[in-house]
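Structural overview
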Amino acid sequence: MALATGGGGWRKPANAGRYTPAGAGCRLGAEAEPSLRHLLIILACSGLVTCSQTPSLLAQIQALGELRVVTRNSLTTYYVGLEGPMGPEYELARGLADQLGVGLYIYTPDSFDTTLAELISNRAHVAAAGLTVTPARRTRVDFGPPYGEVYPQLVQRLGAPQVRSLEALAALEDVRLQVLAGSSHVELLERLAKLHPTLHWEAVQTVDVDELLSRVANGDADFTLVDSSEFQVARHLYPELRAVFDVGEPEPVAWALTRRRNDPSLREAVSRYFAALEAEAELAGLFQRYLEPVGDYDYVSTRAFVTHFDTRLPKYRDYFHAAATETGFDWRLLAAVGYQESHWNPKAVSPTGVRGIMMLTQRTANALEIEDRVDPFQSIMGGARYLAQQHARIPDRIPEPDRTWLALAAYNIGWGHLEDARVLTEINGADPDSWADVRDHLPLLTQRQWYSRVRRGFARGWQPVHYVDNIQRYYQVLQWMTAGEQIAEEELIAGPGRSP
Ligand code: GLU
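Quick summary incoming for the structure in this document. (Residues numbered from 1 in each chain as written. Predicted model: local features only at pLDDT ≥ 70, side-chain atom pairs only at ≥ 80, totals over all residues. Heavy atoms only, no water.)

Check the secondary structure of the protein chain and you find 22 helices and 14 strands. Counting only contacts in the protein chain whose residues sit at least 6 apart along the sequence, the fraction spanning at least 24 positions is 69%. Accessible area of the protein chain: about 23500 Å², with a carbon and sulfur share of 50%. (Helix = DSSP H or I, 4+ residues; strand = E, 2+ residues; numbered from the N terminus. Contact = heavy atoms within 4.5 Å. Areas by Shrake-Rupley, 256 points an atom, 1.4 Å probe, with all protein chains shown as cover.)

Attention now goes to helix α11 (residues 265-279). With 15 residues, α11 extends 21 Å from end C-alpha to end C-alpha; this agrees with the ideal 21 Å at 1.5 Å per step. For α11, the set of buried residues is S265, L266, A269, V270, Y273, F274 and L277. Each buried residue of α11 lies within a common arc of 160° when the element is viewed along its axis, so the set occupies one face. The exposed residues of α11 that point more than 90 degrees off its buried face are R272, E278 and A279. Backbone geometry just after α11 places A281 at a positive phi near 55°. (Expected span 1.5 Å × (residues − 1). Buried < 20%, exposed > 50% of the residue type's maximum accessible area, 1.4 Å probe, protein only. Arc of directions from axis to C-beta.)

A few words on the site of the ligand. Within the structure, the ligand sits among 14 residues, and G130, T132, R137, S184 and D227 are positioned closest to it. One nitrogen or oxygen atom from the main chain of S184 is found 2.8 Å from an oxygen atom belonging to the ligand. At 3.2 Å, a side-chain N or O of H185 approaches an oxygen atom of the ligand. In isolation the ligand offers 290 Å² of accessible surface; the protein chains occlude 100% of this area. Mapped by element, the contributors of at least two residues to the shell around the ligand are β5 (126-132), α8 (184-195) and β11 (223-227). Per-element accounting of the shell around the ligand gives the leading share, three residues, to β5. (Near = heavy atom within 4 Å. Polar contact = N/O pair within 3.5 Å; in protein donor to acceptor, adjacent residues only side chain to side chain.)

Our next topic: unusual backbone geometry. Residues E400 and P401 are joined by a peptide bond in cis, for which omega reads 5°. Within the secondary structure layout, P401 lies in the loop between α17 (376-393) and α18 (402-413). Positive phi, normally seen in glycine, also occurs at W344, with a value near 55°. Structurally, W344 is set in the loop between α15 (331-342) and α16 (362-367). Under the relative-accessibility criterion, W344 is labelled buried at 1%. Even without being glycine, E369 reaches a positive phi, approximately 60°. Residue placement: E369 occurs in the loop between α16 and α17.

It is worth spelling out the environment of W331 at this point. Summarising the element assignment, W331 is placed in helix α15. Along the sequence, W331 and H321 sit 10 residues apart, while their C-alpha atoms lie 5.3 Å from each other.

On the basis of which strands lie adjacent, the open sheet formed by five strands has the order β10-β9-β11-β8-β12 and mixed pairing. Where the open sheet ends on each side, the last strands, each with one partner, are β10 (202-204) and β12 (241-246). Averaged over all pairs of adjacent strands, the angle between their axes in this sheet comes to 35°, without regard to strand direction. In the sheet, strand β8 (residues 152-157) pairs with β11 via five bridges, with the strands oriented antiparallel. (Pairing = 2+ DSSP bridges. Axes fitted to C-alpha atoms, helices over the stretch in contact; angles between N-to-C directions.)

Time to look at the packing of aromatic side chains. This structure, assessed with the given rule, holds 17 aromatic pairs. Look at Y339 and Y474: their rings are 4.8 Å apart centre to centre, the planes differ by 80°, and that puts the pair in the edge-to-face class. Residue Y339 is located in helix α15, and its partner Y474 is located in helix α22 (residues 462-482); the two are separated by 135 residues in the primary sequence. In terms of burial, Y339 and Y474 fall into one category: buried. With centroids separated by 5.3 Å and ring planes inclined at 50°, the aromatic side chains of Y386 and Y411 adopt a geometry described as tilted. Of the two residues, Y386 sits in helix α17 while Y411 sits in helix α18, which places them 25 residues apart along the sequence. Exposure class is identical for Y386 and Y411. Each is buried. Aromatic rings pair up to connect Y147, W255, Y273, F274 and F287 into one cluster. (Phe/Tyr/Trp six-rings, centres within 6.5 Å; stacked < 30°, edge-to-face > 60°.)

Below, the discussion takes up the pairing of strand β9 (residues 177-180). Side chains L177 and V179 of β9 all project onto a buried face; the interleaved residues Q178 and L180 project onto the opposite face, where all are buried too. Pairing geometry for β9 and β11, over two bridges, is parallel. Following the sheet pairing, L177 is matched in β11 by F223. As judged from the three bridges shared by β9 and β10, these two strands associate in the parallel manner. Of the residues in β10, the one forming a bridge with V179 is A203. Read from β9 through α8 to β10, the crossover connection turns out right-handed. (Right-handed = clockwise from strand over helix to strand, strands pointing away.)

Structure, rendered in structure tokens:
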């Protein structure tokens with residue numbers, strides 16, 4: 001490069017770090033000696049030396065046409081679901097790439113431990129991996145604005161003697177406490193070990209928090225330390241685990257960014273992006289959608305669901321797939337309906353005479369031309385078709401997912417009663433096209449002062465409320481449990497002009 005190598009009399013400024021590496025362009029910095037600077041300006045103006053300003057990191061990303069994001073696999077961050085890449089971090093990264101008008105290259109390293117190294121070596125621009133902002137990390141990378149807060153939680157198996165404090169944990173001998181290598185939890189334990197020198201742990205090289213949880217669930221480890229956000233989701237998949245106490249203080253979570261001296265361009269773009277999401281209250285909604293379980297957590301029913309997922313669902317999965325192909329619903333939604341109806345038990349019978357996996361009445365079965373409603377395949381196909389019929393009756397203007405929730409309520413209580421509840425919703429000034437508003441008004445169908453005002457009269461309006469709530473919960477857990485099933489690729493490229 002002409003400037004760096006050619007000049008007798010040229011001296012590297014004391015603040016060498018302000019110069020970009022050789023080969024990456026050049027900069028006329030204020031720190032260059034005045035005489036030299038004048039000379040360079042003259043040469044540049046005369047065209048004898050061409051010198052361009054080093055583009056900012058943001059400009060480089062735009063020139064590359066790609067935002068490179070390193071992440072980790074988790075239901076709280078990024079995973080490949082049946083419809084492709086998903087997860088809150090994926091959606092956030094996708095949103096920034098779209099806003100910058102570039103493609104998104106998102107990938108997971110072999111081990112979580114190397115996440116920050118990906119930034120430092122410039123292989124990634126952003127680490128969007130549910131990263132806790134820690135003092136040690138701050139010395140190595142920049143952080144975007146915190147977008148959440150987590151509590152580190154100690155997790156153990158139900159049935160094992162409960163450990164209630166750090167002192168008690170430190171006093172245990174031969175305890176297998178395993179944490180993610182390179183994680184904030186290792187840093188936290190190192191700090192805590194100064195107060196509790198007998199505290200021992202093992203840092204496991206993996207990219208997956210889920211692996212640590214499954215080790216504790218399987219008895220390969222006694223404890224792990226994970227973020228509260230991780231456990232919030234995991235308890236639905238591992239009902240045999242419990243979080244016994246919070247370790248330390250709440251910690252902020254943010255994106256880590258490649259650090260470039262005197263170049264805040266990416267950090268500023270990320271701050272603007274998050275500020276806009278915050279202003280539009282989109283951040284909270286995004287995390288809520290992924291992380292907040294629908295309905296209350298109930299150990300017994302969650303345990304049963306996980307067991308039935310392994311023991312019963314495999315026999316009927318193909319049928320749900322077939323019904324999904326025919327009707328256009330997600331197979332997991334249909335499976336969630338089947339679970340709510342019968343716990344995937346083809347022999348289920350109710351006192352009112354409904355039968356089979358999808359619990360069809362004889363009348364519905366006749367209308368659908370189902371010969372044997374106890375036959376699992378026929379029942380699932382029949383139930384899916386019946387739901388599709390209800391769905392088709394819901395006005396087209398109602399967007400998803402409300403349309404599906406309303407269709408499910410109709411499936412449960414009947415079209416007419418749902419219509420009545422929508423009328424009451426409207427009378428009360430709420431939105432009859434919104435499931436949340438109709439859900440609030442359905443229970444009024446049990447009260448004379450209300451049901452007397454509508455066509456079909458009394459109905460057990462709270463029933464479809466529980467029904468839809470439960471299906472939403474089962475559906476969400478099924479999405480979690482089947483996440484990443486279809487595409488096992490570690491790396492995925494998604495973005496304009498690049499197909500996964
Ligand atoms: N937040 C953790 C970290 O930054 C990762 C997630 C976990 O280990 O639960 O290291």
